[in-house]
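# Residue-level structure breakdown
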Amino acid sequence: DDEQWLDRASAQVLGFVARRVGAESVGLVFGARVPSAELAGLPELVVEGLREDDARALLRSVVAGPLDARVFDAIVVETGGNPLALLELPRGLSAADLAGGFGLPGAVALPGGVEESFRRRADALPADTRRLLQLAAADPLGDPVLLWRAAARLGIGASAWGPAEGEGLVKFGMRVRFRHPLVRSAAYWSASAEERREVHAALAEATDSEVDPDRRAWHRAHAAAGPDEEVAVELEHGAGRAQARGGLAAGAAFLQYAALLTPDPAQRAGRALAAAQAKIQAGAFDETGELLAMADAGPLTEVEHARVDLTRTQLALATRPIGEAAAGFLEAAKRLEPVDAALARATHLTAMALTFLADRSAPSGGDVVAVARAARAFPSPRPAGVADLLLDGLAVAFDQGYAAGVPILCKALTADTENMPREQELHWVSLALPASFHVWDDDRWMVLTDRYLQLSRELGAMNRLPTALNCRAQWLVFAGELAAAASLVDEAQVVTEAMWSRTAPYGAITLAALRGDKVEASALVSSTLRDAMERGEGLAGSAAEWAMAVLNNGLGRHQDALAAAGRASENPHGMGYSNWALAELIEAAVRTGLRDAATGAHGRLAEMAAASDTDWALGLEARSRALLSDGQQAETLYRESMARLSQTHVRTEFARSQLLYGEWLRRERRRGEAREQLRSAHAMLEAMGMVAFAERAVRELRATGETAARRSVETTTDLTAQEAHVAKLARDGLSNPEIGARLFISARTVQYHLSKVFTKLDITSRGQLDRVLV
């Protein structure tokens, strides 16, 4: 009830749960005056007032004596049929009011409506009873022992509770319970500011400093009439414990109060800065601006000035285009250089990452070469740490060229992170991931996506989870595990909605493109391009264009593929999609007779392949060169491509190379050999779910005079993505609770999915899953 009063973190968690109950035999219902953004998208039922007949019947049930008809009508109209108002408002009116209505207009029209009615009833209680209600309202625990200890300090006797309970406002038992949250609100705010400080002081004195020091500090903070360094120190010390119990928002609240109560201007500025940084992490951006203003008002050291600039830049990242934010981080890094070298390099790395994310849409000041040169101008420590190696490698790659940066990046990617704190490792992995596919290292890409998702889950880093899920889903698509990827894409969508994340659907786009789902891919690309333009996230735009190139190459629409690949690859400093798009461009250009365009793209791809020296890059380069070659050279290159890609995890690329080789053999009129390659390619493509490319293989087989022998429908065809994912985890030996923890669903929901899986696959136990799953 009263969802509008929840803190943001709690609302996010409950909203997330609401989206995952699915097959549960429970319902989750929220009551809210105005639903928060965290509940957007859930089914809504607007609760209107009672119909007039029902309102009149309810009102009659609580009015014992005579009621003037005009008064009766006024109450029904002015309450709007609100059941609580109909029950409570008459209890605050005298017999004369009810009989003649002389006092009704003033009574009902008072601001606050029902809450004001509760306040009038509380005001009519004896002084000690009112004081006891104020005391109870100031402590949310509802601990009667604590309450009576505090009451004794205020000289309130045990008999004070009787009138409040008799009036039906509060119930004293194992816990102190108010009839309604509005009663608590009315009782608390009926006290003057001085009276509220007194009740908080009594509660602080009654709270055991050893058992619950943080709650004691919180009450002391509310009892303070002005700045109090002792209380501020207690709050500062308790912020970490508060965060562990109540999340980032709780820790930030402690730091904020600590800053407000700090008498010394310099210390207040420093604590305000710490609170602002905590608020950024908690997503409380409005309050962050106020705290930064407080920090600016006090004397700051050079380090603190630089940190204020950095925090202000972090705040701007939530509202400004990514390219502008990248420029802001670059300026912050330069200011930090003379005062905090470690933070300066970390900020340079963030600026670099944001510039990659902005990609070709970055505005002036967000140019990747300028960012790289600025990072290189600031010397790296010796010996260089893991993060320093990563920054150095990226900076060199985009300043001196791809080949110069690859050795440093490879060293960074293989560096030991075993002793790195997990929070730092999570941040490092998020930045190392794009470097892994920039150097075409599919082994590290596989490991890092798994680690990123694992750390995000274990640390409860919900802000990173959508990105981690998308990264892992994308990897699974390249590995040919499209069904498993689909399950993660579904989970990423749920988490993204629950967190109100702005993460682009990279996994979903990749999956739709490789599946050959024109409708789904086109819709995703359209929305992604629109959102990318709004956020200045050029990388998402490149991803969308690359996806369209893959989709159209699969569908045989090479002219459209060429146009999309050209747009995706136009940034010479791009990562991932810009590089991958070169292979799509070469295939499309050759098929449309534009050999010059294909040759130019091949030159860029060949340079990267030679520098990275990985089977993934060399396999694609050989395939692309084969498309530009004839005769024996082409055949040798196709075979080299397949041999190299067979040693990698990117099974989708191997299958595509085999398909292209089969198509080439048919054009060479070597039909028997073509059939052999095309059959194998078709089987792989169909098994992985790459429908459009599989259909290409079917058309080529028909051209050889053979109809592709369609396999019987896979046993997993009728399973939903979630059912397939649950089934594979069960096959791999995970228990229902373990599967539930992995997929953010309950063990009961896991069992629900498994029962459907067993029915669809016509099996009766987990032990049979290995036999029927592909």
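This is a predicted model, so every value here is computed, not measured. (Residues numbered from 1 in each chain as written. Predicted model: local features only at pLDDT ≥ 70, side-chain atom pairs only at ≥ 80, totals over all residues. Heavy atoms only, no water.)

## Examining the overall build of the protein chain
To be explicit about the condition: Helix and strand labels come from DSSP, where a helix needs a run of H or I of at least four residues and a strand needs a run of E of at least two; each type is numbered from the N terminus. Accessible area is worked out with a 1.4 Å probe on protein chains only. A residue is then buried under 20% of its type maximum, exposed over 50%, and partly exposed in between. Contacts are assigned to residue pairs that have any heavy atoms within 4.5 Å of one another. Each accessible area is a Shrake-Rupley result for a 1.4 Å probe, and residues are judged covered by the shown protein chains and nothing else.
When you go through the protein chain residue by residue, the secondary structure sums to 42 helices and 2 strands. When the 774 residues of the protein chain are sorted by exposure, 51% land in the buried category. The contacts of the protein chain with a sequence gap of at least 6 include a subset with a gap of at least 24, amounting to 64%. Only carbon and sulfur atoms are counted for the fraction: they give 53% of the accessible area of the protein chain, which is about 34,000 Å².

## A few points about unusual backbone geometry
The backbone of Arg-669 sits at a positive phi, close to 65 degrees, despite the residue not being glycine. Accessibility expressed as a relative area gives 74% for Arg-669, which makes it exposed. Phi at Asp-762 takes a positive value of approximately 60 degrees, unusual for a residue other than glycine. Summarising the element assignment, Asp-762 is placed in the loop between α41 (747-761) and α42 (769-772).

## Here's the deal with the pattern of salt bridges
Rule in force here: Each reported salt bridge corresponds to a side-chain nitrogen of Lys or Arg within 4 Å of a carboxyl oxygen of Asp or Glu.
Tallied over the entire structure, the rule returns 41 salt bridges. A salt bridge links Glu-700 to Arg-667, with the shortest nitrogen-to-oxygen separation between them at 3.7 Å. In this pair, Glu-700 is assigned in helix α38 (residues 691-703) and Arg-667 in helix α36 (residues 651-667), connecting sequence segments 33 residues apart. Glu-700 gets classed as buried once you look at its relative accessible area, which sits at 10%. Judged by relative accessible area, Arg-667 falls into the partly exposed class, the value being 45%. Look at the salt bridges and you will find they share partners, linking Glu-584, Glu-587, Arg-591, Arg-656, Glu-663 and Arg-696 into a network.

## Quick look at a nonpolar patch on the surface
How we decide: The patches described consist of residues with a relative accessible area above 30% and no salt bridge, like charges being joined within 9 Å and nonpolar side chains (Val, Leu, Ile, Met, Phe, Trp, Tyr) within 5 Å.
A cluster of nonpolar side chains, namely Val-13, Val-17 and Leu-28, defines an oily patch on the protein surface of about 230 Å² accessible area. On the secondary structure map, Val-17 appears in helix α1 (residues 8-18).

## Description of helix α22 (residues 386-399)
The test is simple: Given the number of residues in a helix, its expected span is that number minus one, multiplied by 1.5 Å.
End to end, α22 covers 20 Å across 14 residues, agreeing with the expected 20 Å (1.5 Å per residue, within 8%). Of all 14 residues that make up α22, 12 are buried, and the element is covered over most of its length. Turning to α22, its buried residues number three or more, namely Val-386, Asp-388, Leu-389, Leu-390, Leu-391, Asp-392, Gly-393, Leu-394, Ala-395, Val-396, Ala-397 and Phe-398. Contacts made by the buried residues of α22 are with α20 (341-358), α21 (368-377), α23 (402-413) and α24 (422-438). Gly-401 lies just past α22 and shows a positive phi near 120 degrees.

## Side note on the environment of Ala-150
Inspection of the secondary structure assignment puts Ala-150 in helix α9 (residues 144-153). As for Ala-150 and Glu-205, which are separated by 55 residues in sequence, their C-alpha atoms are 7.2 Å apart. Not counting the four nearest positions on each side in its chain, Ala-150 is found in contact with Leu-135, Ala-202, Leu-203 and Ala-206.

## Considering the packing of aromatic side chains
The following threshold applies: Any Phe, Tyr or Trp ring, taking Trp's six-membered ring, that has another such ring centre within 6.5 Å forms a pair; planes under 30 degrees apart are called stacked, those over 60 apart edge-to-face, and the others tilted.
Tallied over the full model, the rule gives 23 aromatic pairs. An angle of 35 degrees between the planes, with centres 6.1 Å apart, marks the rings of Trp-148 and Phe-172 as tilted. Residue Trp-148 is found in helix α9, and its partner Phe-172 is found in strand β1 (residues 170-172); the two are separated by 24 residues along the sequence. Among the residues examined, Phe-172 registers a relative accessible area of 18% and is labelled buried. With a centroid separation of 5.9 Å and an interplanar angle of 15 degrees, the aromatic rings of Tyr-506 and Tyr-577 are classed as stacked. Of this pair, Tyr-506 sits in helix α28 (residues 506-515) while Tyr-577 sits in helix α32 (residues 577-591), placing them 71 residues apart in sequence.

## Remarks on the nonpolar core
To keep things clear, this is the line we draw: What makes a nonpolar core is a set of buried Ala, Val, Leu, Ile, Met, Phe, Trp, Tyr and Cys residues whose side-chain atoms join them at distances within 4.5 Å.
Judged by nonpolar contacts, the single largest core of 147 residues is most densely connected at Met-352, Leu-390, Leu-394, Trp-546 and Trp-616. Sort the elements by how many residues they give to this core and helix α30 (residues 538-555) lands first, with 10 residues. For Leu-390, the residues in contact, after removing those within four places along its chain, are Leu-349, Leu-409, Ala-412, Trp-428, Leu-431, Ala-432 and Ala-435. The next biggest cluster of nonpolar side chains, apart from the first, holds 30 residues, and it includes Leu-147, Val-170, Phe-172 and Val-183.

## What to know about the packing of α21 against α22
For clarity, the cut-off: Think of each axis as a best-fit line through the C-alpha atoms, taken over the contacting stretch in the case of a helix, with angles from 0 to 180 degrees between the N-to-C directions. Any angle that falls under 35 degrees is termed roughly parallel, while one over 145 is termed roughly antiparallel, one within 65 to 115 roughly perpendicular, and all others oblique. We call a crossing left-handed when the near helix sits turned anticlockwise from the far one by less than a right angle, and right-handed when that turn is clockwise.
Two elements in contact, α21 and α22, have axes whose closest approach is 8 Å; the angle formed by their N-to-C orientations is 130 degrees. Comparing the axis directions of α21 and α22 gives the class oblique. Crossing hand, α21 versus α22: left-handed. Between α21, through Val-368, Val-369, Ala-372, Arg-373, Ala-375 and Arg-376, and α22, the contact on the second element is made entirely by Leu-391, Ala-395, Val-396, Phe-398 and Asp-399.

## Some points on the side chain of Arg-271
Note the threshold: We call two N or O atoms a polar contact when they sit within 3.5 Å, provided that within protein one can donate a hydrogen and the other can accept it, with sequence-adjacent residues counted only if both atoms are side-chain atoms.
Relative to the helices and strands, Arg-271 resides in helix α16 (residues 265-282). Take Arg-271: its relative accessible area is 7%, and that puts it in the buried class. Reaching out from Arg-271, the side chain makes a polar contact with the side chain of Thr-262 at a distance of 2.9 Å. Other than its neighbours up to four places away in sequence, Arg-271 contacts Glu-229, Ala-232, Val-233, Glu-236, Leu-255, Ala-258, Ala-259 and Thr-262.

## Some details on the confidence of the model for the protein chain
Test applied: Confidence scores here are pLDDT values: one per residue, from the predictor, ranging 0 to 100.
In the predicted model, the protein chain carries a mean pLDDT of 84, and 89% of its residues have values of at least 70. Mean pLDDT per element in the protein chain: helix α6 (residues 104-108) is the minimum at 37, and helix α34 (residues 615-627) is the maximum at 97. The model gives residues 361-365 a pLDDT under 50, and that stretch makes 8 contacts with residues more than four places away or in other chains. Here residues 710-716 is a poorly scored stretch, pLDDT under 50, and it has 13 contacts once near neighbours within four places are set aside; other chains count.

## Notes on the packing of α23 against helix α33 (residues 595-612)
For clarity, the cut-off: We call Asp, Glu, Lys and Arg charged. Ala, Val, Leu, Ile, Met, Phe, Trp, Tyr, Cys and Pro are nonpolar, and the rest, Gly among them, are polar.
Running from amino to carboxyl end, α23 crosses α33 at an angle of 30 degrees, the nearest separation of the two axes being 9 Å. Taken as axis vectors, α23 and α33 run roughly parallel relative to one another. As for how α23 packs across α33, the hand of that crossing is right-handed. On α33, the residues touching Tyr-402, Ala-403 and Val-406 of α23 are Glu-607, Met-608, Ala-611 and Ser-612. Within the contact of α23 with α33, the residues separate by chemical class into 5 nonpolar, 1 polar and 1 charged.

## What to know about helix α25 (residues 442-458)
Here α25 contains 17 residues, and its C-alpha end-to-end distance of 24 Å stays within 8% of the 24 Å for a straight helix at 1.5 Å per residue. Every buried residue belonging to α25 is among Asp-442, Trp-445, Leu-448, Thr-449, Tyr-452, Leu-453, Leu-455, Ser-456 and Arg-457, and all of these are buried. At the N-terminal end of α25, a side-chain oxygen is found 3.2 Å from the backbone nitrogen of Asp-443, two or three residues along, and the residue is Asp-441.

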